[in-house]
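# Residue-level structure breakdown
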Amino acid sequence: MRIGLAGLMLLYSALFSAMTMADTPQITLLERDGKINEIPLLDNRFRIDHNVKKITLLFFRAPGTPAVVLVKPDGSKYYATHAIADEKLEWYDEISYDLVIVTDPMPGPWQVLGQIRQDSRVMVLGDIELQVDPLPPLIFRGEMLKIQGQVTNDGQPVDIGYFRDVVTLYVEFVSTNNDQYANFGAGTQSVAEFKDDGREFDERPLDGIFTGEFRLNFPAGEWQPEFFIETPILKRRVVKDPIIIAEPPFAFDLMLAGPEEFEHQLTIRLASEVVKPETVIFQGKILYPNGEEQMFTLNGEERLYRQLAIKNYDWGRYSVELSAFGENINGREFMARLPDYNFEIERPIEKVPELPESERSIQRTVKVPEPEPGLSTGAIVTIVLVGNLLILLLGWLAVRIFVQKKPIKLKISLPFIGKKKQLDLEELEDDTEKSGKQSSKNDKSADILNLSMSDD
């Protein structure tokens, strides 16, 4: 039977815990070679006493190898697949180890078959405790803390091998939801996982002591620290009293450079009621708008402030990465990664050059004609249409005269001429009729003017 527990951890390299009857002491049950609560496996063999009610075995093997096989005193065997049908058997087959729990085991000599790692042991599970160092009383956001935790069995350290494969110490900070602080409603912050493997901040591998460091990179306020380990057979959790995580004891003041100055000045002020000013050293990096980086160090001084010169690269975004090292008023050394200090200088607005006085006076005298009041929309439309027609007519005339070079002939009738003028014209026509055909044509032209346009 397999379980998919991401952080499955156990306390023992090869654990053999036994739970005996109420009238039989556990300590004397598996006492061998002067060792209490544990015995080594001799040629992968171990013996179970007749009064053992339940045992838990943990066997470490080479990663990826098949699960071990348990041989009972009568020669029959236990396989990992038997756990499905056998109610007395629980089997957790993982990548590098097997955890086996047997209820009412058969008394006598047992044997385990498989690629078992060396230094395997059998243990009686006693009073398992998790001991964690108390946190310092004065801490602030961004600070790096170092803690140690230890697992004990009946008050004695558990120093069995392969701890790094099965045991992890988890550290969490749970918000107390005190509305007087900034972390109200912040929930739970998982800050670290420690292993006893001698890596990173762990001092020595396989010594049963978990040593690690973590950073308080969450909001300041009231938090409750919790430390815990979990295994398939036990869980241990240590809940500490609530503590206050304060804001960093440093304040920042920025003096921007003037038009003719080459440096900005960043002043860092120290809170003397939290830290000792003469011990505080700042180290970090300045990121300029043009991509340039500048490392810096501000050594310890008696005064309550430090000044950092930042080159004036005109407009853009500036960022200062900062770490602090020193002692607080309790004499404890601290190391903190402070939040980045950022500031930005806006891009200057380019001014339009002013016009000469003569041009400005001309602009003041020129007035834009205002539309005449009283014109309706219909009148404006009519004016526009008439104007367009005139433009088209003039264009056509220009093409007719200058391009096609044809004369313009207009034929206009005059119906408005009076009756008297008509009689005079008729008499004139009779007198001139005798003078010939050409004369008659001329007289008739007085009555009608041929102003019609030629079809050509």
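Residues numbered from 1 in each chain as written. Predicted model: local features only at pLDDT ≥ 70, side-chain atom pairs only at ≥ 80, totals over all residues. Heavy atoms only, no water.

- Looking up the protein chain in an unreviewed UniProt entry gives the name TIGR03503 family protein, with the organism given as Pseudoalteromonas viridis.

### Concerning the overall build of the protein chain
- In terms of helices and strands, the protein chain carries five helices and 27 strands.
- Of all 456 residues assigned to the protein chain, the portion counted as buried reaches 36%.
- In the protein chain, the share of contacts with a sequence separation of at least 24, taken over all contacts with a separation of at least 6, comes to 67%.
- Of the accessible surface of the protein chain, which amounts to about 27,900 Å², a share of 53% is contributed by carbon and sulfur atoms. (Helix = DSSP H or I, 4+ residues; strand = E, 2+ residues; numbered from the N terminus. Buried < 20%, exposed > 50% of the residue type's maximum accessible area, 1.4 Å probe, protein only. Contact = heavy atoms within 4.5 Å. Areas by Shrake-Rupley, 256 points an atom, 1.4 Å probe, with all protein chains shown as cover.)

### Some remarks on the sheet that holds strand β27 (residues 333-345)
- A sheet is described by the order of its strands in space; here four strands give the open sequence β24-β23-β26-β27, paired in antiparallel fashion. Strands with a single pairing partner mark the edges of an open sheet, and in this sheet they are β24 (293-298) and β27. Pairs of neighbouring strands in the sheet enclose a mean axial angle of 15 degrees, with direction left out of account.
- Across eleven bridges, the pairing between strand β26 (residues 316-327) and β27 is antiparallel. Counted as the bridge partner of Phe325 is Met335 from β27. (Pairing = 2+ DSSP bridges. Axes fitted to C-alpha atoms, helices over the stretch in contact; angles between N-to-C directions.)

### Thoughts on the pattern of salt bridges
- Under the definition given, this model contains twelve salt bridges.
- The closest approach of N and O atoms between Asp98 and Arg61, which form a salt bridge, is 2.5 Å. Highlighted residues: Asp98 in strand β8 (residues 97-103) and Arg61 in the loop between β4 (52-60) and β5 (69-71), separated in sequence by 37 residues.
- By relative accessible area, Asp98 is classed as buried at 0%.
- Glu226 is the partner of Arg237 in a salt bridge, and the nearest nitrogen-oxygen pair spans 2.7 Å. (Salt bridge = Lys/Arg side-chain N within 4 Å of Asp/Glu carboxyl O.)

### Considerations on the UniProt feature "transmembrane region" (unreviewed entry) in the protein chain
- In this numbering, the UniProt entry assigns the feature "transmembrane region" (unreviewed entry) to residues 379-403.
- Taken as a whole, residues 379-403 contains 100% helix and 0% strand, while its terminal C-alpha atoms sit 35 Å from one another. (UniProt positions renumbered as here; feature names shortened; annotations may be inferred.)

### Quick look at the pairing of strand β23 (residues 281-287)
- Pairing geometry for β23 and β26, over seven bridges, is antiparallel. Within β26, the position partnered with Leu287 by the bridge is Ser319.
- Of the pairings in the sheet, the one linking β23 to β24 comprises six bridges and is antiparallel in character. In the strand pairing of β24, Gln283 is matched with Thr297.

### A look at the environment of Ile139
- Along the polypeptide, Ile139 turns up in strand β12 (residues 139-140).
- Note: C-alpha distance between Ile139 and Ala246 (107 residues apart in sequence) is 6.5 Å.
- Setting aside anything within four residues of it in sequence, one finds Ile139 in contact with Leu145, Leu216, Ile243, Ile244, Ile245, Ala246 and Arg332.

### Considering the sheet that holds strand β3 (residues 45-48)
- Pairing is antiparallel in the open sheet, where four strands are placed in the order β3-β9-β5-β6. With one partner strand each, in any of the chains shown, β3 and β6 (77-78) form the two edges of the open sheet.
- Examined bridge by bridge, β3 and strand β9 (residues 108-113) share four bridges and lie antiparallel to one another. Bridge assignment links Phe46 to a residue of β9, and that residue is Trp110.

### Examining unusual backbone geometry
- Phi angles above zero are rare outside glycine, and Asp104 is one such case at about 50 degrees.
- Examined against the element boundaries, Asp104 turns out to sit in the loop between β8 and β9.
- Its relative accessible area of 45% is what places Asp104 among the partly exposed residues.
- Residues other than glycine seldom take positive phi values, yet Asn177 does so here, at roughly 55 degrees.
- Inspection of the secondary structure puts Asn177 in the loop between β15 (169-175) and β16 (188-194).
- Using a relative accessible area of 42% as the deciding quantity, one classes Asn177 as partly exposed.

### Things to note about helix α3 (residues 377-403)
- The end-to-end C-alpha distance of α3 is 38 Å, a good match for the 39 Å that 27 residues give at a rise of 1.5 Å each.
- Positive backbone phi, at 55 degrees, marks Lys405, one or two positions downstream of α3. (Expected span 1.5 Å × (residues − 1).)

### A closer look at the side chain of Arg306
- Mapping Arg306 onto the fold places it in strand β25 (residues 305-311).
- Buried Arg306, no salt bridge; nearest opposite-charge side chain is Glu301, N-O distance 4.9 Å.
- There is a polar contact of 3.4 Å between the side chain of Arg306 and the backbone oxygen of Glu301. (Lys, Arg positive; Asp, Glu negative; His and termini not counted. Polar contact = N/O pair within 3.5 Å; in protein donor to acceptor, adjacent residues only side chain to side chain.)

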